Amino acid sequence: MANVEILEVTKKYKEVTAVDNVSLNIEDQEFLVLLGPSGCGKSTLLKMIAGLEEITRGEIYINGKLVNYTPPKDRDVAMVFQNYALYPHMTVKDNIGFSLKMGRVHKGEIGKQVEDVAKILQLDTFLERRPEQLSGGQRQRVALGRAIVRKPAVFLMDEPLSNLDAKLRIQMREELLRLHDRLQATIIYVTHDQIEAMTMGSRIVLLRDGVVQQIGPPQDVYDHPVNAFVAGFLGSPSINFFEGQLVRRDGTWVFASPAMQLAFPAEVGAKVDAVNHGRLGESTPVSIGVRPENFQVVDGQNARMKGEISLVEFVGSDKYVYLDMPSAHCLIRTSPWFHGKKGDTIGLEPDWEHFQLFDAEGRSVFWWNPEA
Amino acid sequence: MSSTEVEVRATAAEAKRAAERGAKSRKIAGISVSYLILIIGCCIAIFPFLYIVSLSFKESTSLVSYPPKWIPDPFYFGNYTFLLGETSYIRWAFNTFAFAGSVTALKIFFDSIAGYTFAKMDFPGKEILFTFVLATLMIPFAATLIPAFLIVKNLGMVNTYWGLILPPLASPIGIFMMRQFIESLPKDLENAARLDGCSEFYIYLRIILPNCKPALAVLGIFVFMTQWTNFIWPLVVAKADEMRVLTVGLASLKGQWVTNWGVIAAGSVMLMIPIAIVFIFFQRWFIAGSMAGALKE
Ligand SMILES: Nc1ncnc2c1ncn2[C@@H]1O[C@H](COP(=O)(O)OP(=O)(O)OP(=O)(O)O)[C@@H](O)[C@H]1O
Ligand SMILES: [Mg+2]
């Protein structure tokens, strides 16, 4: 029902630039996830779309219409606030029904709609309570209900599931996706939770210090991060970085560091050559990134990467193995049947398919596109 | 285990228990002392009040008896019947209610809406205007008394309710207080209401005001008490007998040569009752108003 277009939007609070020249095109019925560390401007961006914060520079269009000067209530957007912002003096029922009341909906109709929403959110038994009498998770669901009941064209959700326990969160995740289908609304969703971002978003936007780092479908962003920040932010446990130099030896590229001398296989070397354009010369400082799941454990004797196990964590479906290497640390994910123990030395081989190479500025050698 | 060993252990346990007992009795002693101080303070505070109550039930001839009698004997109701029957006490009480009540209601409205504006809205010159409002706090009441009277007189409002009510509204302290309180309310509360379709005035009325109850209660009590006992301004502006307020009316009962203190005491007792009632009424709001549950902790 509505697409949202954000054009070179900037928000400045005196010295702080909270959002810096962000351009996004959110399609109708898209589920877009905003992801980024604390203070990167996610909430600020949402509030500008809602019309609650003035835009310093740039334009926002909802459904093709410039809304820079449209008051919040006429934008057909609803927001779930990061801190809930429930009305403390009203019951759950009145909290959820307040917008309908303001919209002069008939009283009986309000009651019916509030009950429908309460049922979806499992709040039906709390309708007469005040926010102070609810748990954190229940409050969060009321905040969600307040947005859902309005059936807006665009939902802005600021970490709406952060306070729920694991089970309820999974349940609500499903419920939200179903709701998204049912309401056919556009959803812009802020989260810290990577699993949420990966599972729910049709596209992820990664922000850092108010600047967009990368936009794309979850798997694209995960597999092809444009820089070390994105690579490090996505994935849990996070990717392993090794610092070193790129040198040319016997006609192949070799990654040289105290921890390892890693000669690239021919096809990876060819890839480096293809994208190089003179960026990488002899002895260029670079870093490589390998995700914990992208290691093969090999025989320790003549492996090119070797490490001594310092800790083994059993987490159910996997084992996390912490390794000490000369001037580096590394975490790998193995099957629960891995039987190495503390003090053992094991050898590793990176999975070259998922191998990442970053230049000195942290940009991905393979995936950075200066035009993007 | 030898018997001496047992004894040693027993004494050790006893010493420990004794020490515990000591700590406990010290604690009790501490509490007792603080209670004693509070009780003495209470007595000092309540003494003049009881004295007035006692006076109000005595006939003027037995006022100064020696030794002083605390319990009037006989109980004499003449002071009260005189006040209610022979003076305009009832009219004065009505005037005082109308005066203090209107000032309180209007001040709660104006101060909260001005406080909201200063706390949450942006407009050019806001800081300067607010400084200006606060600066009027520094002008002593005595300096504005005569100019205020002249203005009221020129407007033809001497001996009218408007003349009584309007000038006290101009005090800025309530605006300051409300601004401080409203500023502490989370911004997302208004934001949520704004998205829910509230106009700015509705946000004030439906969201801000109900969450200001503790501050409104303090302001209400403060303004009502001040105006209920206000003397100088009503004395200046409302001299006609039917426009007098209680404080001025009671003072007028003081004769030039003879003063019936029993009657004045009775008037004072009746003067105090409504304040107590107002206090009790607003007090519930102190407790009821709380932001609990609005935000994520
Ligand atoms: N009213 C304000 N005045 C000044 N600076 C502000 C204001 N609101 C936000 N900021 C700043 O703008 C930046 C972005 O804030 P924002 O709340 O958008 O972050 P966020 O990405 O939502 O973080 P979090 O994940 O912690 O919620 C921060 O550096 C913050 O300090
Ligand atoms: Mg935020």
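Here, the structure is the one placed above.
Residues numbered from 1 in each chain as written. Chains lettered and ligands numbered in written order. Predicted model: local features only at pLDDT ≥ 70, side-chain atom pairs only at ≥ 80, totals over all residues. Heavy atoms only, no water.

K.L.:
Please set out the site of ligand 1 residue by residue, giving values where relevant.
P.N.:
All names here are of chain A. Around ligand 1, 13 residues are found, and the nearest of them are Ser38, Lys42, Ser43, Thr44 and Gln82. Residue Tyr13 places a side-chain N or O atom 3.5 Å away from a nitrogen atom belonging to ligand 1. Thr44 places a side-chain nitrogen or oxygen 2.5 Å from an oxygen atom of ligand 1. By residue number, the principal contributor to the shell around ligand 1 is helix α1 (residues 42–50), which donates three residues. Split by residue class, the shell around ligand 1 holds four nonpolar, seven polar and two charged. (Near = heavy atom within 4 Å. Polar contact = N/O pair within 3.5 Å; in protein donor to acceptor, adjacent residues only side chain to side chain. Helix = DSSP H or I, 4+ residues; strand = E, 2+ residues; numbered from the N terminus. Nonpolar A, V, L, I, M, F, W, Y, C, P; charged D, E, K, R; others polar.)

K.L.:
Report on the coordination of the magnesium ion (ligand 2), specifying residues and quantitative values.
P.N.:
Residues and elements named next belong to chain A. Every protein donor of the magnesium ion (ligand 2) is listed here as Ser43 (OG) and Gln82 (OE1), and their distances to the metal cover 1.9 to 2.2 Å. Of the two residues, Ser43 sits in helix α1 while Gln82 sits in the loop between β6 (77–80) and α2 (92–102), which places them 39 residues apart along the sequence. Taking relative accessible area as the criterion, Gln82 reaches 31% and is therefore assigned partly exposed. (Donors = N, O, S within 2.8 Å, 3.2 Å for Na, K, Ca; no water. Buried < 20%, exposed > 50% of the residue type's maximum accessible area, 1.4 Å probe, protein only.)

K.L.:
Give me the packing of helix α7 (residues 173–183) of chain B against helix α10 (residues 213–228) of chain B: which residues, what numbers.
P.N.:
Residue and element names in this part refer to chain B. α10 packs onto α7 with a crossing angle of 165 degrees between their chain directions and a minimal axis gap of 10 Å. One finds that α7 runs roughly antiparallel with respect to α10. Judged by the twist between their axes, the crossing of α7 over α10 is right-handed. Facing Ile173, Gly174, Met177, Met178 and Phe181 of α7, the residues of α10 in contact are Pro214, Ala215, Leu216, Val218, Leu219 and Phe222. Tallied by class, residues from the contact of α7 with α10 come to 10 nonpolar, one polar and no charged. (Axes fitted to C-alpha atoms, helices over the stretch in contact; angles between N-to-C directions. Parallel < 35°, antiparallel > 145°, perpendicular 65-115°, else oblique. Left-handed = near helix turned anticlockwise from the far one by under 90°. Contact = heavy atoms within 4.5 Å.)

K.L.:
How would you explain the pairing of strand β14 (residues 284–290) of chain A if you had to name every residue and give the values?
P.N.:
All names here are of chain A. Counting buried positions along β14 gives six out of seven residues, so the element sits mostly inside the fold. Pairing between strand β11 (residues 240–249) and β14: seven bridges, direction antiparallel. What sits directly across from Glu243, in β14, is Ser287. Both β14 and strand β20 (residues 356–358) contribute to a ladder of three bridges, which runs antiparallel. Each residue of the ladder has a partner; that of Gly289, found in β20, is Gln356. (Pairing = 2+ DSSP bridges.)

K.L.:
Requested: an account of the nonpolar core, with residues and values cited.
P.N.:
Residues and elements named next belong to chain A. One finds Ile6, Leu24, Leu34, Val154, Leu156 and Ile188 to be the most contacted residues of the largest nonpolar core, which totals 73 residues. For Leu156, the residues in contact, after removing those within four places along its chain, are Leu46, Ile49, Ala50, Val77, Ala78, Met79, Val80 and Ile188. Counting residues in hydrophobic clusters, the runner-up holds 48 residues, among them Ile148, Leu164, Leu176 and Val226. (Core = buried A, V, L, I, M, F, W, Y, C linked by side-chain atoms within 4.5 Å.)

K.L.:
A description of the interface of chain A and chain B should follow, citing residues and the corresponding values.
P.N.:
Contact with chain A, which involves 28 residues of that partner, is made by 23 residues of chain B. Both faces considered, chain A and chain B share a buried interface measuring about 2400 Å² in area, 58% of it formed by carbon and sulfur atoms. Among the residues chain A hides against chain B, the three largest losses belong to Pro88, His89 and Met102 of chain A. Together they make up 22% of the total. On inspection of chain A and its partner chain B, the count reaches two salt bridges. Our count for the contact surface shared by chain A and chain B stands at eight residue pairs in polar contact (both at pLDDT 80 or more). When contributions to the side of chain A that touches chain B are tallied by element, the ones reaching two or more residues are α1, β6, α2 and α4 (136–148) of chain A. With four residues, α2 of chain A is the largest single contributor of residues to the side of chain A that touches chain B. Counted by class, the side of chain A that touches chain B contains 15 nonpolar, six polar and seven charged residues. (Buried area = accessible area lost by both parts, 1.4 Å probe. Salt bridge = Lys/Arg side-chain N within 4 Å of Asp/Glu carboxyl O.)

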